[in-house]
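# Examination of the molecular architecture
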Amino acid sequence: MQQRLPTLYELVSQIKKTESEWLRRGGWEELLPPLPPDACWNMPMVDFNNLASNDKFIIVQTQKGRHTLKPNLRERPFIYRGQNKKYPYIISSFSRDELPDKKGHIDKVEARKKHLVANLKAEEFIALLQTHPLFMMLDRGISLYPAKRPLFINMNYYGLAQHYNFKTAVIDFTTDIDVAAFFACTINRGDNTYEPIVDTTKHPKGVIYIHHIHPDFSFKYGGFSTIGLQLYPRSGAQKGILYNEGNAPYVGKYIDALEFRHDAQVSRHFYNMMDCGRKLFPEDSISAYAKEILDGNEISGETFTKNLYSNQDDLQENLTALEEKGVVIDWHKRTHFNSEALHQIYQDIKNGIWEQFCNQVYFADSENGAEMHESLLNLPKNPSYQHFFKENEYKKITDYDQELYRRAKRNAMKWHNES
């Protein structure tokens, strides 16, 4: 007789019990040496070996020498993904365009056109984010007392595009089982609106995918990467981890699928726990711009050209595909936050977005961590960075840049008319 599937609540309870037992047995102590008394914030495996609470994001140095803000893995043996239904494969939103139709046919030409449009819209959003003053500051590097080297914090633009509903080739995972549970028992109705699953006849079973973390494998070779904490809170609220679809062969080998039976009361429980999804999709000022790009049909010439040459595509083929999809290229458009949008960004700063960001950051440094954190928090008062935090100061730079752009555009139009 087939064994009865647990409810999602029963499954999550069992997973949390397994986590607790793992911690009781010593957690990562078997694989990692004890935390030294002179621990340094850029030492290896600091995301697994630190004294921070679970809600903090750890500054971790990447193999390329830059830094990322990773969910604390000190008490986390697993990475999770929740789906309200089990499919033959875990695939990204990008790859869903390549799924066969009811007759088993895959229209590769149509899929390629959809991929082109999806890529361009994601790149347009990324180009916009790269003009955000605080993103620019963190990308270019900050010097924090008493560190001797600048800190370059990765702004995971591609991961952010994923979190703002653009189609990408990465797949969302999380280090928080409750976050995975929310997505496993709800239906996405669009625009980050979710409903709990209450009709269990139409939706009988869901699935929680679990990856057993290995410190030396998962993030180096296993396809997982960090989005973690970014300037805006969405990815941090979701304790976000990304899985690169290019590492698909690892899925079956290193990710387990645990099915559960849907239950209306249990679905409402996890739905209400996350405040109907609002805890995972907090309001912010850039979501409106993401939606504008997603719903629009215009792409800047700068984005089109960058995509064309980075992928070594055929110019005419791409132009024809966009025309068929109703996408217009504005060759003179410059993607940036305009004056109105910049004003909103500086309202965010006045409302405490920087302090909210900094207070979630942890430097695992027994000697200098507290001073570095204080230095990060006080960057708005640092003369070297004040212009990023003050609207009038920053506008002096951007207004000059925009005047150069307008001048170049006028010259281009003049040349075009004369020729």
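Above this text you will find the structure in question.
Residues numbered from 1 in each chain as written. Predicted model: local features only at pLDDT ≥ 70, side-chain atom pairs only at ≥ 80, totals over all residues. Heavy atoms only, no water.

Residues Met-137, Ile-142 and Trp-354 are the most contacted members of the largest nonpolar core, which totals 52 residues. Non-local contacts of Ile-142, meaning those with residues more than four positions away in its chain, are made with Met-137, Pro-150, Leu-151, Ile-153, Leu-376, Leu-379 and Tyr-385. Ranked by size, the runner-up nonpolar core spans 17 residues in total, among them Trp-22, Trp-28, Ile-90 and Phe-173. (Core = buried A, V, L, I, M, F, W, Y, C linked by side-chain atoms within 4.5 Å. Buried < 20%, exposed > 50% of the residue type's maximum accessible area, 1.4 Å probe, protein only. Contact = heavy atoms within 4.5 Å.)

Right, let's get into the sheet that holds strand E2 (residues 67–71). Taken in spatial order, the three strands make up an open sheet running E2-E1-E13, and their pairing is mixed. On the outer flanks of this sheet lie E2 and strand E13 (361–362), each paired with one strand and no other. Bridging between strand E1 (residues 57–61) and E2 involves five bridges; their strand directions are antiparallel. When the sheet's bridge partners are listed, Phe-57 is paired in E2 with Pro-71. (Pairing = 2+ DSSP bridges. Helix = DSSP H or I, 4+ residues; strand = E, 2+ residues; numbered from the N terminus.)

Quick look at the packing of helix H2 (residues 108–129) against helix H11 (residues 315–324) now. One way to put it is that H2 packs onto H11 with a least axis distance of 10 Å and a crossing angle of 90°. Taken together, the axes of H2 and H11 are roughly perpendicular relative to one another. Between H2 and H11, the contacting residues are Arg-112, Lys-113, Leu-116, Val-117 and Leu-120 on the first element and Glu-317, Asn-318, Ala-321, Leu-322 and Glu-324 on the second. (Axes fitted to C-alpha atoms, helices over the stretch in contact; angles between N-to-C directions. Parallel < 35°, antiparallel > 145°, perpendicular 65-115°, else oblique.)

Let us now look at the pattern of salt bridges. In a structure, side chains of opposite charge can pair up when their charged atoms sit close to one another. All chains considered together, the criterion is met by 16 salt bridges. A salt bridge links Asp-47 to Lys-70; its shortest N-O distance comes to 2.7 Å. Here Lys-70 lies in strand E2 and Asp-47 lies in the loop between helix H1 (8–24) and E1, a separation of 23 residues in the sequence. For the pair formed by Asp-47 and Lys-70, the shared burial category is buried. Two residues, Lys-205 and Glu-259, come together in a salt bridge whose shortest N-O distance is 3.7 Å. In this pair, Lys-205 sits in strand E7 (residues 205–212) while Glu-259 sits in strand E10 (residues 255–261), placing the two residues 54 residues apart along the sequence. On the basis of relative accessible area, Glu-259 is assigned to the partly exposed category, the value being 26%. (Salt bridge = Lys/Arg side-chain N within 4 Å of Asp/Glu carboxyl O.)

Looking now at the pairing of strand E9 (residues 240–244). When you tally the buried positions in E9, you get four out of five residues, the bulk of the element. In the sheet, strand E8 (residues 224–226) pairs with E9 via three bridges, with the strands oriented antiparallel. Within the sheet, the bridge partner assigned to Ser-225 lies in E9 and is Leu-242.

On to the pairing of strand E4 (residues 170–174), then. Most of E4 sits out of view: four of its five residues are buried. Of the strand pairs in this sheet, E4 and E9 are connected by five bridges, and their pairing is antiparallel. Within E9, the position partnered with Thr-174 by the bridge is Gly-240.

Our next topic: the environment of Leu-120. Positionally, Leu-120 belongs in helix H2. When its relative accessible area of 1% is taken as the criterion, Leu-120 is described as buried. Apart from the residues within four sequence positions on either side, Leu-120 is in contact with Ile-299, Thr-303, Phe-304, Asn-307 and Leu-322.

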